[in-house]
Each structure stands twice: as structure tokens, then as C-alpha cells.
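Examination of the molecular architecture
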Amino acid sequence: MELLSLKTFKYVVEFGGVQAASKELHTVQSNVTARIKRLEEEIGSPLFYRKGRKLELTPTGYTLMDYANQLLQLEHQASIAVKQVGEATGEIRIGSMESFAAVRMPGLIQSLRKKHPNLLPRVQTETSGQLIEAVLNYKLDCAFVGGPVQHKDLVCRQVLMEELVLATAKGVDVPDSLIMFRQGCAYRDKALNWLRDNGRLDTEVLDMGTQEGILGCVAVGLGFTLVPRKVAEESRYAKDLNLEVLDDQFSQIPTIMITHKNAIDMAGVDTLLALFDGKPPEWESAA
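Computed from a prediction, not measured in an experiment: that's the story for all the values here.

1. Things to note about the overall build of the chain
In terms of regular secondary structure, the chain is built from twelve helices and eleven strands. The buried share of the chain, taken over its 287 residues, is 47%. Carbon and sulfur atoms make up 49% of the accessible area of the chain, which amounts to about 14600 Å² in all. The average position of the 32 basic charges and that of the 37 acidic charges among the side chains of the chain differ by 6 Å.

2. Digging into a nonpolar patch on the surface
A contiguous nonpolar surface patch, about 380 Å² in accessible area, is contributed by L3, Y67, L71 and L74. Element by element, the count of residues in the nonpolar patch is highest for helix α4 (residues 59-83), at three residues. Take Y67: it is sitting in helix α4.

3. Some thoughts on the packing of helix α1 (residues 3-15) against helix α2 (residues 18-25)
Remark: α1 packs on α2, axes separated minimally by 8 Å, with the N-to-C direction vectors making an angle of 120°. Taken as axis vectors, α1 and α2 run oblique relative to one another. For α1 against α2, the interelement crossing comes out right-handed. For the pair α1 and α2, the contacting residues are K7, T8, Y11, V12 and F15 in the first and V18, A20, A21, E24 and L25 in the second. Residues belonging to the contact of α1 with α2 are distributed by class as follows: seven nonpolar, one polar and two charged.

4. Brief notes about the packing of aromatic side chains
Going through the model one piece at a time under the given rule, you end up with five aromatic pairs. Taken together, a centroid distance of 5.9 Å and an interplanar angle of 50° make the contact between F144 and F276 tilted. Residue F144 is located in strand β5 (residues 142-146), and its partner F276 is located in helix α12 (residues 267-277); the two are separated by 132 residues in the primary sequence. Look at F144 and you get buried, because its relative accessible area is 0%. Connected via pairs of aromatic rings, a cluster forms that spans F100, F144 and F276.

5. Things to note about the packing of α2 against helix α3 (residues 29-43)
Two numbers describe how α2 lies on α3: the axes approach to 8 Å, and their chain directions differ by 110°. Here α2 lies roughly perpendicular to α3, going by the angle between them. Side by side, α2 and α3 meet where V18, Q19, A21, S22 and L25 of the first sit next to Q29, V32, T33 and R35 of the second. For the contact of α2 with α3, the per-class residue count stands at four nonpolar, four polar and one charged.

6. What about unusual backbone geometry?
With the exception of glycine, most residues fall at negative phi, and the peptide bonds are largely trans. For the bond running from G147 to P148, omega is 0°, close enough to zero to count as cis. Counting through the fold element by element, P148 comes out in the loop between β5 and β6 (154-169). Even without being a glycine, H26 presents a positive backbone phi close to 55°. A positive phi is found at Y138, a non-glycine position, where the angle reads about 65°. Classification of Y138 as buried rests on a relative accessible area of 10%.

7. Details of the confidence of the model for the chain
Mean pLDDT over the chain works out to 86, with 93% of the residues at or above the 70 mark. β5 holds the highest mean pLDDT among the elements of the chain, 95, whereas α4 holds the lowest, 79. For residues 279-287, every residue scores under 50 in pLDDT, and the model assigns this stretch 21 contacts once sequence neighbours within four places are set aside.

8. Quick look at the pattern of salt bridges
Counted under the stated rule, the structure contains 14 salt bridges. For R122, the salt bridge goes to E91, with nearest N and O atoms at 2.7 Å. Residue R122 is located in strand β4 (residues 118-125), and its partner E91 is located in strand β3 (residues 89-96); the two are separated by 31 residues in the primary sequence. The exposure class of E91 is partly exposed, given its relative accessible area of 24%. Here D153 ties to K261 by a salt bridge, and the two come within 3.4 Å at their closest N and O atoms. Of this pair, D153 sits in the loop between β5 and β6 while K261 is found in the loop between β11 (252-260) and α12, placing the two residues 108 residues apart along the sequence. Taking relative accessible area as the criterion, K261 reaches 43% and is therefore assigned partly exposed. One salt-bridge network, in which partners are shared between bridges, spans K10, E14 and K139.

What counts and how
Residues numbered from 1 in each chain as written. Predicted model: local features only at pLDDT ≥ 70, side-chain atom pairs only at ≥ 80, totals over all residues. Heavy atoms only, no water. Helix = DSSP H or I, 4+ residues; strand = E, 2+ residues; numbered from the N terminus. Buried < 20%, exposed > 50% of the residue type's maximum accessible area, 1.4 Å probe, protein only. Areas by Shrake-Rupley, 256 points an atom, 1.4 Å probe, with all protein chains shown as cover. Lys, Arg positive; Asp, Glu negative; His and termini not counted. Charge placed at Lys NZ, Arg CZ, Asp CG, Glu CD. Patch = residues over 30% accessible without salt bridge, like charges linked within 9 Å, V, L, I, M, F, W, Y side chains within 5 Å. Salt bridge = Lys/Arg side-chain N within 4 Å of Asp/Glu carboxyl O. Axes fitted to C-alpha atoms, helices over the stretch in contact; angles between N-to-C directions. Parallel < 35°, antiparallel > 145°, perpendicular 65-115°, else oblique. Left-handed = near helix turned anticlockwise from the far one by under 90°. Contact = heavy atoms within 4.5 Å. Nonpolar A, V, L, I, M, F, W, Y, C, P; charged D, E, K, R; others polar. Phe/Tyr/Trp six-rings, centres within 6.5 Å; stacked < 30°, edge-to-face > 60°. pLDDT = per-residue confidence, 0-100.

Printed below as a string of C-alpha cells:
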């Protein structure tokens, strides 16, 4: 079973078909179709139900997808491990909440590059929920997410505790609209709990995709938000914001660094963890 065939299969599933997969793989559709057919012949069972142009995974396909993710991740990490003999080289795929990326990631990356000048960091920002899925599917080597996190396949380490504050425009009463990241954001969950506790279940919730966009709208009085204090204080809108302290049950939220429990040790990951406490990290499972 060739890794290229498994990668092709994975791309067909993730990108929704042969045509999209061929574009991502920079090859013709006939090559993609041939590799899928060869996989099915090797396994002795169809991987897809074919309904016109639409493909749906068979039970065999679902099983193979799980193993394909693991095998391709092992191939990726094996390549890194070989390159890191003596000194870390290659790349490290880091996931981050946007708020964490904005105020904390630059310093982390600078320190990481200083320690491992030949290691290329690739940073991806998403909601905590999406980052957890990416780590579970071996698409990221590590990720910084809002906690708490519990999953049997994850190894978790709390790296810091953020203080969430209620941010509104100066001189404006708390508006009727809450502005937050979309579903899957750990801070959004805290904000919704705050609404329930304060009897504001009828409050309109507006979704936005960037932290600066959220704070910009808040600064002109279009809504309010719950945001890490450090993010608000370092925002270009800081002078226009009023920050209100919240009860501990709403203000305290841990930032967790997660990796897959089956991931091999990576010098870059160990260095990132050590940056938070100045000593070699001790891995702890949250499950």
C-alpha cells in the first residue's frame, strides 16, 4: 500500500471529490482515479459509494481513512525525526487561537527560531474546536487552545491562565449585541454562560472572524465582547475601550497546549513548552 495512494485517498475525502483532489495534488484526474482503484483492488473492497458525481465513504473507507491519517502523520514525523538528529530542522505545524497568536505567538516564534534556526514554524489560526480536530487528525503537531480540554487521544499541558474582561466602548452603556468568534471558540462559551447568568438570553450574538474586527466594532459601540485583558490592552483600539472585571467563574480560562498522544517527541514542541516555565516540560494528560 503506497503512501502516495493513501495521500490521494485522503485528499479525495477532504476536498470532496476527484477533481478537487487532482488540483491539490497537481496531477490529472485520471491519476487520482487510478490510485483509488488500485487501493480498492489491494483491499478487496470499495472505498466509496458512487452516486453520480458524488462520493460517499463506505464502512471500509471510513476505517481506511483513520489509518491513512495515522500513517501519513507517522511519515511526516519520521521525516522530521530523521532531520532533527543533532539539530531541529524541517518544519513544525503550530495551531493557535487568533487572540493567542496576536499577542503571544510572535515572542514564542522568535524564541523558537533562536533556539532552532533551521526549524520552520507554520502557524494556523482557528477556533479551539477546530484546532482540537486538527490535532486529532494529525494535521497539526501542537496547538494552543482554550481549556479545559479532555480527550483520551490528547496530551494536554496548561501553559497560562488568561483573564477575560467585558469590553465595551467608552461612554456607552453595555449594548444589546454580543460580538464573538464563531461556534467552537472557548471564549464564546464563557460569554454565553455570562449571558445566561445575567438573564440576557435574548441578547443578539454576532459572529466575526478576526479579533481586531471584533474590537473595532466594540470600540464604536456596535456591541460588547469578552476578551483576554492582554489582547484588549495591546489592541490599537485600547484607548476607546472600557474594560470591566468579571467574576472568576467567567474571567478565568486556561490556555492549553495539546499534542496527539501518538505523536513522536519533537524538539520544537519541547522548546515551546519550556518557554512557559523555563525548564524541561513534564507532559500531563488531561484525559
